[in-house]
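Examining the three-dimensional arrangement
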Amino acid sequence: MKTAFPKIYGEVVKFLDDNLPEYLTYHNTKHTLYVLEKAEHIAKKEHIKPAEIHLLKIAALYHDIGYVKSHDEHEKESCAIAKRQLKTYGYSKDDIDAICGMIMATKIPQSPKNKLQEILADADLEYLATSHFQEISDSLFQELKHYDPSLTIPEWDHIQIDFIKKHTFHTSYCRHYKSFRKHKNLEFLKSKIK
C-alpha cells in the first residue's frame, strides 16, 4: 500500500492544480503541500510509527480537496472524495475511517480525538506560529474578501486576534516549540490596532 503514496500524491496535486478556483489564495495546492510537510515533521517529533505516518500523509493530501466542490462543509466533501479514491487503492475501511477522522479534526473549532488527529490539526494551523505568519494571513484575507468584499483589514486584524487568543496547539511538540512565536504574532497584531 505504501507504494501507492507517490501515485496518490501526483494525482491529488494535479487534481488540486486543475480544479481549485483561482480565488483560493490560501486554501490552494501550496497550502496542502505545506500541511503535508508540517504533519510529517510533527509526527516524527511525536515518535509516530511509519504506518501511521503514511495514513497521516494521505489525510494531509486530502484535507482540503473538498474546496473543489464547496467552501462550506469542505471537510465532509474532502472525506467523500478521499473515500471514493482510496477504495480504488485498496485501503481498508478502518484506514479510510482513520484518514477521515484526521480530515474532520481540521474543522474549526478543532476538536481532535487522538494523536494523529492532533498532529494534522496542528499542522493545518502551524503558520500561526511562524515568521511568515503575516504573508500567509494576507493570502487568507484576500480569499475571505472573495466571500465578503466588505471585509476590511482592521476587521480582519480583530478576527485574527480573537482566533489566536482562543487557539491552542494539541501536540506536545507544538505546545513546546510554537507557543512563543504564536504569542509574538499575536502581539504584532495587537500593536497594529492601537
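Residues numbered from 1 in each chain as written. Predicted model: local features only at pLDDT ≥ 70, side-chain atom pairs only at ≥ 80, totals over all residues. Heavy atoms only, no water.

Mapped onto the elements, Met 104 comes out in helix H5 (residues 93–104). Taking C-alpha positions, Met 104 is 20 Å from Leu 128, a pair spaced 24 residues apart along the chain. Beyond its immediate stretch of four places on either side in the chain, Met 104 contacts Glu 75, Lys 76 and Cys 79. (Helix = DSSP H or I, 4+ residues; strand = E, 2+ residues; numbered from the N terminus. Contact = heavy atoms within 4.5 Å.)

All right, on to helix H2 (residues 29–45) then. With 17 residues, H2 should reach 24 Å at 1.5 Å per residue; the first-to-last C-alpha distance of 25 Å fits that figure. Of all the residues in H2, the buried ones are Thr 29, His 31, Thr 32, Tyr 34, Val 35, Leu 36, Lys 38, Ala 39, Ile 42 and Ala 43. Residues of H2 that are buried in the fold lie against helix H1 (5–19), helix H3 (50–62), helix H6 (115–124) and helix H9 (172–193). At the N-terminal end of H2, a side-chain oxygen is found 3.2 Å from the backbone nitrogen of Lys 30, two or three residues along, and the residue is Asn 28. In the segment just after H2, His 47 is the residue with positive phi, at about 60°. (Expected span 1.5 Å × (residues − 1). Buried < 20%, exposed > 50% of the residue type's maximum accessible area, 1.4 Å probe, protein only. Polar contact = N/O pair within 3.5 Å; in protein donor to acceptor, adjacent residues only side chain to side chain.)

Quick look at the nonpolar core now. By size, the foremost hydrophobic cluster in this structure holds 42 residues, and its most contacted members are Ile 8, Tyr 62 and Leu 86. Of all the secondary structure elements, the ones that give two or more residues to this core are H1, H2, H3, helix H4 (74–87), H5, H6 and H9. The element that contributes the greatest number of residues to this core is H3, accounting for eight residues. Those residues in contact with Ile 8 that sit more than four places away from it in its chain are Ile 58, Leu 61, Tyr 62, Leu 86, Tyr 89 and Tyr 91. With 14 residues, the next largest nonpolar core counts Tyr 127, Ile 136, Leu 151 and Trp 156 among its residues. (Core = buried A, V, L, I, M, F, W, Y, C linked by side-chain atoms within 4.5 Å.)

Take Lys 182: it is sitting in helix H9. Summary of buried charges: Lys 182 has no salt-bridge partner, and the nearest side chain of opposite charge, Asp 122, is 8.4 Å away. Setting aside anything within four residues of it in sequence, one finds Lys 182 in contact with Leu 128, Ala 129, Ile 164, His 167, Thr 168 and Phe 169. (Lys, Arg positive; Asp, Glu negative; His and termini not counted. Salt bridge = Lys/Arg side-chain N within 4 Å of Asp/Glu carboxyl O.)

Two elements in contact, H3 and H5, have axes separated by 9 Å at closest approach and are oriented at 55°. By the angle class used here, H3 and H5 are oblique. Handedness of the H3/H5 crossing: right-handed. On the side of H3, the interface is formed by Leu 55, Leu 56, Ile 58, Ala 59 and Tyr 62, while H5 contributes Asp 95, Ile 99, Met 102 and Ile 103. Counted by class, the contact of H3 with H5 contains eight nonpolar, no polar and one charged residues. (Axes fitted to C-alpha atoms, helices over the stretch in contact; angles between N-to-C directions. Parallel < 35°, antiparallel > 145°, perpendicular 65-115°, else oblique. Left-handed = near helix turned anticlockwise from the far one by under 90°. Nonpolar A, V, L, I, M, F, W, Y, C, P; charged D, E, K, R; others polar.)

Moving on: unusual backbone geometry. Each neighbour pair has its own omega, and for Ile 108 with Pro 109 the value is -5°, a cis peptide bond. Structurally, the position occupied by Pro 109 is in the loop between H5 and H6. Phi is positive for His 47, which is not a glycine, with a value near 60°. You will see that Glu 73, though not glycine, has its phi angle at about 55°, which is positive. Residue Glu 73 is classed as partly exposed on the basis of its relative accessible area, which comes to 40%.

Following the criterion strictly, the structure yields 16 salt bridges and no others. Note that Lys 115 is salt-bridged to Glu 118, the shortest N-O span being 3.7 Å. On the criterion of helical spacing, the pair formed by Lys 115 and Glu 118 is a turn pair, its members being three residues apart in helix H6. The exposure class of Lys 115 is partly exposed, given its relative accessible area of 33%. Between Asp 162 and Lys 166 there is a salt bridge, with the nearest N and O atoms lying 3.2 Å from each other. In this pair, Asp 162 and Lys 166 both sit in helix H8 (residues 153–166), four residues apart, roughly one turn of the helix. Under the relative-accessibility criterion, Asp 162 is labelled partly exposed at 39%.

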